[in-house]
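Results of the structural survey
This is what each chain is made of:
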Amino acid sequence: MRTVLIVDDDEPTQQLLAALMRRNGFSSVAASNGAQAISLLGSNEYAVIILDLMMANVDGFSVIEYIAREGKEVPVIVCTAAGPRMTDTIDRGVVRAVVRKPFDIAEMTAIVASVTREPSRG
Amino acid sequence: MADRDSRNDAEPPARTAVSDFANELPLFIDAVQDYAIFGLSPTGVIRSWNVGAARILGYHADEAVGRDFSLFYEPADLFSGKPQHELDVARKEGRIEDEGWRVRKDGTRFWANTVITAVHNADGSVSGFAKVTRDLTTRRLAEERLRESEENFRLLVAAVKDYAIFLLDPTGHIATWNAGAQAIKGYKPEEIIGKYFGVFYSDAENAAGKPALELKIARAEGRFEEEGWRVRKDGSRFWANVVITAVHDETGTLRGFTKVTRDVTVRKRADEVQRALIEQREARLKAEEEQRRVEASYRAAQEANRSKDQFLMILSHELRTPMTAIIGWARLLPTLSPSDPVIPQALESIARSADLQAQLIDDMLDVSRIVSGKLRLNLQMVDVADVLNAAVESVRPSAVARNVTLVTSLAGDIGLICADSTRLQQIAWNLLTNAVKFTPGEGRVELSARRTPSHIEITVKDNGQGIASEFLPHIFEPFRQEETPQTRVHGGLGLGLSIVRYLTEAQGGTIMAESAGSMKGATFSLSLPLGMKATEELAWNSGSR
């Protein structure tokens, strides 16, 4: 079973995404901040990362930078309550989709399915 | 005096019978030193001689008596027959007075005042003459010096080219004219002397009576001075510095006015250029100042806009976050099996998120009421311990979830206070929530309260991340959090502490935040008066904050 890394500081949102991913056939691991996420990425392979941006103790932008710098081949879906002004400058080489909170669970399901169905780029 | 006395004796002509005039002279006349007093025969032969005569004319009595009195006259007077003429007049009119040069024995001249008085016999015939001579040389020389001095002064004034200096008679008609006046005003002396000095003024000023007014002021105050436009003979104008001074004689009678006028047109133009430059510079500085002010207010407006944008961005983020779980679970739950073990967790998530959102909305509404002055307090006697314990219990779940130890230390005698129970609990809840939020796991938050004779003092102390010293002064300002949106690590709108301060002050209290710095914990100290005066309550209720 492929695993999704859920990075979000809001616990109810973590639980919702975990339940949604399980229903779609993924297992999931949750991180409450960027520091935990980077630590997990260092030693694990994930099918996809669902990443919040505004978090305590290393935010989502730093995680994106880390992935770009390390050349990790993991697709990233940004899931944020922040507005377009904050997501306009996101590194589109790493981030495959931006989903705004509150999100439609069908849309999130479709996006996860679409980015995980493709073979790895390159 | 002597000559006047002798004249009095002569009017009416003395009818005293005097046979030997010399013998009749009183001894005191003989002793007079300041006047030469001597008797003459009807033909002018000297008959008597006093001490004064000897002193003034230089002859001893024996040198003078028996000689003709023409001895003392200058050759020119002798040539014109002046001595004989004087005797003729005195004989005919009783008396003659003269001033003129006379000659002493040593040939030196002196300026003499002489009075010759006829002395009559009983039959009316002239028996002789009394002559009184005074030496006025000193006075004469002084007068000459004065005249010379005056002449010099007149010449000096006449020659001055840079100043128009002239005299006006008491009615303002020009009496004198100097070279400066001619140079400045263009009139020759013969063209202007005798004219009214109003010719130097414009028609409008003459019509308004300005020249007469200036004389009136000079007369009343001694002096009139001004700078103003005056008119030359050719009609051109010049900028004049004018001083008019009233001149009085020794009896205080107005004799006229001196008028001194300078043409200061060049200086005036220079002043105007200078002033124009200064005004230009001031205008430029003012414009620059205005521009700075506009820029500052523009920056302030931009800053306010940025703050508002930032706040709206945060508000949007904070409202959307709990909605994610609420909406997401609402859509997901119907697709799950009723026995799915995640369902209780889902319901708990929805409830927590809804509570968080409700809290945000309440804070927003409170701030809105505060800003519009519509927040109302419901004051009553409140049991402080009950209220604080209720606040602690409502915060405890999140403290437990964050593994933060929550300690309460309330004094036993804390008792009652006149306050708004709901708002007091809100204050305590906000301070505790804030402390828990900024205290990491294994941390500790302590609420303590004690009663003083006049106040209740409540303290919330944590050993969490503290407050940076540069942010401490802003800690109670609305929409302020110690972070920017990009780096903000804690949720919330940054309204809690501003609401706490408002509610505290609205109930007559004070609040203070202390922190030794980052990672050194923070202490919030609240002091509320035991009883709040009705006037203060009214003031707050009608306040416009």
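On a predicted model such as this, the values are computed, not experimentally measured, just so you know.

1. Observations regarding the overall build of chain B
Regarding its fold elements, chain B presents 18 helices and 15 strands. Every one of the 545 residues in chain B was classed for burial, and the buried ones make up 30%. Restricting to contacts in chain B with at least 6 residues of sequence separation, those with at least 24 account for 56%.

2. Examining the overall build of chain A
From N to C terminus, chain A includes five helices and five strands. Traced from its N-terminal end to its C-terminal end, chain A shows the element sequence β-α-β-α-β-α-β-α-β-α. The buried share of chain A, taken over its 122 residues, is 47%. Look at the contacts in chain A between residues 6 or more apart in sequence, and 59% of them connect residues 24 or more apart.

3. Some details on the environment of R139(B)
Note that R139(B) resides in helix α8 (residues 137-159). It is 8.6 Å that separates the C-alpha atoms of R139(B) and W111(B), two residues lying 28 residues apart in sequence.

4. Describing the pairing of strand β6 (residues 223-231) of chain B
Here is the key point about a regular strand: its side chains alternate between the two faces of the sheet. Where β6(B) meets strand β7 (residues 237-248) of chain B, nine bridges bridge the pair, whose relative direction is antiparallel. Pairing of W229(B) across the sheet is with W239(B), part of β7(B).

5. What about helix α5 (residues 105-117) of chain A?
Residues and elements named next belong to chain A. In a regular helix each residue adds 1.5 Å, so 13 residues correspond to 18 Å; α5 covers 18 Å between its end C-alpha atoms and thus fits that length. Among all positions of α5, only I105, M108, I111 and V112 are buried. Axial view of α5: buried residues confined to an arc of 125°, hence all on one face. Seen from the open side of α5, the exposed residues pointing more than 90 degrees away from its buried face are A106, E107 and R117.

6. With respect to the interface of chain B and chain A
Taken together, the contacts link 22 residues of chain B with 19 residues of chain A. Mapped onto the side of chain B that touches chain A, the elements with two or more residues apiece are α13 (265-332) and α14 (343-372) of chain B. Among the elements that line the side of chain B that touches chain A, the one with the most residues is α13(B), at 13 residues. Residues that form the side of chain B that touches chain A fall into these classes: eight nonpolar, 10 polar and four charged.

7. Overview of the packing of helix α1 (residues 11-23) of chain A against α14(B)
Where α1(A) contacts α14(B), the two axes come as close as 9 Å, and the packing angle between them is 145°. Judged by the twist between their axes, the crossing of α1(A) over α14(B) is left-handed. Where α1(A) abuts α14(B), its residues P12(A), Q15(A) and L16(A) lie against Q345(B), S349(B), R352(B) and S353(B).

8. Topic: the sheet that holds strand β4 (residues 126-135) of chain B
All names here are of chain B. An order of β1-β4-β3-β2 is seen for the four strands of this open sheet, with the pairing classed as antiparallel. On the outer flanks of this sheet lie β1 (36-40) and β2 (95-103), each paired with one strand and no other. Here the average twist between neighbouring strands, direction ignored, is 25°. Sheet analysis places β1 next to β4, joined by five bridges and oriented antiparallel. Bridge pairing in β4 places I37 opposite V132.

9. A few points about unusual backbone geometry
K101(A) connects to P102(A) through a cis peptide bond whose omega is -10°. With respect to the helices, strands and loops of the structure, P102(A) is situated in the loop between β5 (95-100) and α5. Of note, the phi angle at N403(B) is positive, near 60°, even though the residue is not glycine. One can find N403(B) in the loop between α15 (384-401) and β10 (405-410). Take N403(B): there are 11 C-beta atoms within 10 Å of it, and that puts it in the exposed class. The backbone of E442(B) sits at a positive phi, close to 70°, despite the residue not being glycine. For E442(B), the location among the structural elements is in the loop between α16 (421-437) and β12 (444-451).

10. Some thoughts on the pairing of β12(B)
All names here are of chain B. Where β10 meets β12, six bridges bridge the pair, whose relative direction is parallel. Considered in β12, the bridge of V407 is made with E446. Sheet analysis places β12 next to strand β13 (residues 455-462), joined by seven bridges and oriented antiparallel. For L447, the partnering residue across the bridge sits in β13 and is V460. Hairpin connection between β12 and β13: a loop of three residues separates the two successive antiparallel strands.

11. Remarks on the sheet that holds strand β14 (residues 510-514) of chain B
All names here are of chain B. What the five strands build is an open sheet, ordered β10-β12-β13-β15-β14; its pairing is mixed. Each of the sheet's edge strands pairs with one partner strand only, and the pair in question is β10 and β14. Ignoring which end each strand starts from, the neighbouring axes of this sheet average 10° apart. In terms of strand pairing, β13 meets strand β15 (residues 522-529) through eight bridges, oriented antiparallel. For I458, the partnering residue across the bridge sits in β15 and is L526. Sitting on the sheet, α15 is in contact with β10, β12 and β13, with an inclination near 175° to β10.

12. Some words on the packing of α13(B) against α14(B)
Residues and elements named next belong to chain B. Here α13 crosses α14 at 150°, and the two axes come no closer than 9 Å. Here α13 lies roughly antiparallel to α14, going by the angle between them. In the crossing of α13 with α14, the sense of the turn from one axis to the other is left-handed. Residues E318, L319, P322, M323, A325, I326 and W329 of α13 form the contact with α14, whose participating residues are A346, S349, I350, S353, A354, L356, Q357 and L360. Residues belonging to the contact of α13 with α14 are distributed by class as follows: 11 nonpolar, three polar and one charged.

13. Looking at helix α2 (residues 34-43) of chain A
Note that an α-helix has 3.6 residues per turn; residues three or four places apart therefore point the same way. Residues and elements named next belong to chain A. Those residues of α2 that fall on the buried side of the exposure criterion are G34, A37 and L41. Within α2, the buried residues cover an arc of 55° as seen down the axis, which keeps them to one side. Turned more than 90 degrees away from the buried face of α2, the exposed residues are S39, G42 and S43. Close packing links the buried residues of α2 with β1 (3-7), β2 (27-31) and α3 (60-70).

14. Some details on the confidence of the model for chain B
Residue and element names in this part refer to chain B. Residues of chain B with pLDDT of at least 70 account for 90%, and the chain-wide mean is 86. With pLDDT under 50 throughout, residues 1-19 is counted as low confidence; its partners more than four residues away or in other chains account for 31 contacts. Between residues 533-545, whose pLDDT stays under 50, and residues either more than four places distant or in other chains, the model counts 11 contacts. Confidence metrics for the complex model read pTM 0.51 and ipTM 0.88.

15. Things to note about the environment of S127(B)
Turning to its location among the elements, S127(B) is positioned in strand β4. Distance in space between the C-alpha atoms of S127(B) and L40(B) is 9.0 Å, their sequence separation being 87 residues.

Parameters at a glance
- Just so you know, the residues in each chain are numbered from 1, in the order the chain's sequence is written.
- Chain A is the first chain written and ligand 1 is the first ligand written, with later ones labelled in order.
- The predicted nature of this model means local features are confined to residues of pLDDT at least 70 and side-chain atom pairs, given and counted, to a pLDDT of 80 or more, with totals for whole chains, interfaces and linings taken over all residues.
- A helix here means a DSSP run of H or I that spans at least four residues, while a strand means a run of E at least two residues long, and both kinds are numbered starting from the N terminus.
- Partly exposed residues are those whose C-beta has more than 12 but fewer than 20 other C-beta atoms within 10 Å; with 20 or more the residue is buried, with 12 or fewer it is exposed, and the C-beta atoms are placed from the backbone.
- Here, residue contact means that the backbone-derived C-beta atoms of the two residues sit within 7 Å.
- DSSP calls a pair of strands paired once it identifies at least 2 bridges connecting them.
- Helices are assigned an expected span. That span is 1.5 Å times one less than the residue count.
- Of all possible arcs, the one meant is that of the directions from the helix axis to the C-beta atoms.
- Under the scheme applied, nonpolar residues are Ala, Val, Leu, Ile, Met, Phe, Trp, Tyr, Cys and Pro; charged residues are Asp, Glu, Lys and Arg; polar residues are all the others, including Gly.
- Only C-alpha atoms enter the line fits that serve as axes; for helices the fit covers just the stretch in contact. Angles between N-to-C directions range over 0 to 180 degrees.
- Each crossing is labelled by how the near helix is turned from the far one, with a counterclockwise turn of less than a right angle marking it left-handed and a clockwise turn marking it right-handed.
- These descriptions rest on fixed angle ranges, namely under 35 degrees for roughly parallel, over 145 for roughly antiparallel, 65 to 115 for roughly perpendicular, and the rest for oblique.
- Per-residue confidence from the predictor is given as pLDDT, running between 0 and 100.

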